Amino acid sequence: MPILLEAGGCPAYYPTCLLLDLRTKNAAWRTMEVLANDLLHLEHILIFAGITGIERRMEDGRYLDSSEVHIIADLCGVSLARLRKLSELKVAPASLDQAFAQEHAVTNIVKHRRITNIARYLDLIARVGEAHVLAPGIRREPVMQREAMLDNLRQLRPRFRHSRGRRTVEYQDLARVIEFIMIGDPEAIWSKAEIRSRNWAIVTTLALLGLRQGELRQLKTSDVNTNVGRLTVARRSDDQEDPRLREPNAKISDRIVPLLDVVSERIEDYLYNHQSHAAEFSGSTFLFLSHGPTSRGQPTPASCGHPLK
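Residues numbered from 1 in each chain as written. Predicted model: local features only at pLDDT ≥ 70, side-chain atom pairs only at ≥ 80, totals over all residues. Heavy atoms only, no water.

## Side note on the overall build of the protein chain
Assigned secondary structure in the protein chain consists of 12 helices and three strands. Per-residue burial for the protein chain yields a buried fraction of 44% across its 309 residues. As presented, the protein chain carries roughly 17800 Å² of accessible surface, and 52% of it is formed by carbon and sulfur atoms. (Helix = DSSP H or I, 4+ residues; strand = E, 2+ residues; numbered from the N terminus. Buried < 20%, exposed > 50% of the residue type's maximum accessible area, 1.4 Å probe, protein only. Areas by Shrake-Rupley, 256 points an atom, 1.4 Å probe, with all protein chains shown as cover.)

Structure follows, in structure tokens:
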């Protein structure tokens, strides 16, 4: 899990709380990494704008005024590299137009996401402060002020067209891939026997079972039962047996996938002829392993999710 540190080297309290909250919801590593970067961006915004003691202010109910909200929202549209440089130069917030050019701007999608994450962060801290106000009558006023501040901030999020269409594969190309998987010769692509056996099993599993590459890379030998034709896709957050920094994981709940005969045959070929030797060398329990000279027996990296490239 990504962690933001205080100047003294200790994990920052509130950012860690927010990241842990995401972790309990089985968020992907990339999602948490993006959140951590957005909170780091907020820190540079506060330094640049001269807004100090933000956490204590939120705890005490001394919320951001309209001008501070607008400064934060505007600076969410600036690249982190430019903001860092200007923070070092101590450029005054009043000179924003002169300090930033179009080349320093980020996309509306990034700006929208940053404002959203910063609002979530401020909301968390403010709610902690409100929780210490016991009397409901006293608590009502800061709650209204918090909601007004957050509404003001969220209203400054830019609009953007959702162009996140799925990258589709033309049916003719998909048909060619399936045809090759069924009747093609893998030796025409991979000359080394162990790499060929592993990648042949990988592409067959991905194409015919519909697994995501992260789900495939986190499979263990115990997840495969070729005798009954069953493969288990399981979520394993913070797997102690996984040495990879960015460990893969299933995006959805655990599920059982029926194994086709051709998938079983190719997984067995890899398991019995090559995987077992690499696993014995490293002691790894993962199904698909690296066979490189320096990484032999280690779980496959992300690049092995695209073996046809």
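Text resumes after the structure shown.
## Here's the deal with the sheet that holds strand 3 (residues 255-258)
Strand order in this open sheet of three strands is 1-2-3, and the pairing throughout is antiparallel. The sheet is open, and its two edges are formed by strand 1 (224-225) and strand 3, each paired on a single side. Bridge count for strand 1 against strand 2 (residues 230-233) is two bridges, and the pairing is antiparallel. Residue Val224 lies in a different strand from strand 2, and its bridge partner there is Leu231. (Pairing = 2+ DSSP bridges.)

## Section: the pattern of salt bridges
Per the stated rule, a full pass over the model turns up 13 salt bridges. Across the pair Arg127 and Asp123 runs a salt bridge whose closest N-O atoms are separated by 3.0 Å. With Arg127 and Asp123 both in helix 7 (residues 108-131) and four residues apart, this pair spans about one turn of that helix. Residue classification places Arg127 among the partly exposed positions, given a relative accessible area of 47%. Of the residues examined, Asp123 reaches a relative accessible area of 14% and is grouped as buried. Between Glu130 and Arg146 there is a salt bridge, with the nearest N and O atoms lying 2.6 Å from each other. You can see Glu130 sitting in helix 7 and its partner Arg146 sitting in helix 8 (residues 136-154), a full 16 residues away along the chain. (Salt bridge = Lys/Arg side-chain N within 4 Å of Asp/Glu carboxyl O.)

## Considering the packing of aromatic side chains
One pass over the structure, following the stated rule, counts four aromatic pairs. A ring pair is formed by Tyr13 and Tyr14, whose centres lie 5.0 Å apart and whose planes are at 75°; its orientation type is edge-to-face. A relative accessible area of 57% means that Tyr13 is categorised as exposed. What makes Tyr14 buried here is its relative accessible area of 5%. Ring geometry for Phe180 against Trp200: centres 5.5 Å apart, planes inclined by 80°, an arrangement best described as edge-to-face. With a gap of 20 residues between them, Phe180 in helix 9 (residues 171-183) and Trp200 in helix 10 (residues 193-209) connect regions that are remote in the sequence. Ring-pair connections join several aromatic residues into one group, and the members of that group are Phe180, Trp190 and Trp200. Between Arg296 and the ring centre of Phe281, over which it is positioned, the NZ or CZ distance is 5.3 Å. (Phe/Tyr/Trp six-rings, centres within 6.5 Å; stacked < 30°, edge-to-face > 60°. Lys NZ or Arg CZ within 6 Å of the ring centre and 35° of its normal.)

## Here we look at the environment of Asn37
By the element assignment, Asn37 lies in helix 2 (residues 29-49). Remark: the alpha-carbon pair of Asn37 and Ile3, spanning 34 residues in sequence, is separated by 9.9 Å.

## A few points about the packing of helix 9 against helix 10
Packing of helix 9 against helix 10 brings their axes to within 10 Å, and their N-to-C directions diverge by 130°. The angle between the axes of helix 9 and helix 10 places the two elements in the oblique class. Handedness of the crossing formed by helix 9 with helix 10: left-handed. Listed contacts from helix 10 to Ile178, Phe180, Ile181 and Met182 of helix 9 are Trp200, Val203, Thr204, Ala207 and Leu208. (Axes fitted to C-alpha atoms, helices over the stretch in contact; angles between N-to-C directions. Parallel < 35°, antiparallel > 145°, perpendicular 65-115°, else oblique. Left-handed = near helix turned anticlockwise from the far one by under 90°. Contact = heavy atoms within 4.5 Å.)

## Some remarks on the side chain of Thr204
Checked against the element boundaries, Thr204 lands in helix 10. A relative accessible area of 0% places Thr204 in the buried class. With near-sequence residues (within four places) excluded, Thr204 lies in contact with Ile181, Leu209, Val262, Val263 and Arg266.

## Here's the deal with the environment of Ser253
Following the sequence through the fold, Ser253 ends up in the loop between strand 2 and strand 3. Relative accessible area serves as the criterion here: at 56%, Ser253 is assigned to the exposed category. When the C-alpha atoms of Ser253 and Ala234 are compared, they prove to be 7.2 Å apart, with 19 residues separating the residues in sequence. With residues near it in sequence (within four places) discarded, Ser253 still touches Val233 and Arg235.

## Some words on the pairing of strand 2
Burial of strand 2 is one-sided: the residues Leu231 and Val233 facing one way are buried, the residues Arg230 and Thr232 facing the other way are not. Here strand 1 folds back onto strand 2, and the loop between the two strands holds four residues, one of which, Gly229, carries a positive phi near 70°. Both strand 2 and strand 3 contribute to a ladder of four bridges, which runs antiparallel. When the bridges of strand 3 are listed, Arg230 appears paired with Pro258.

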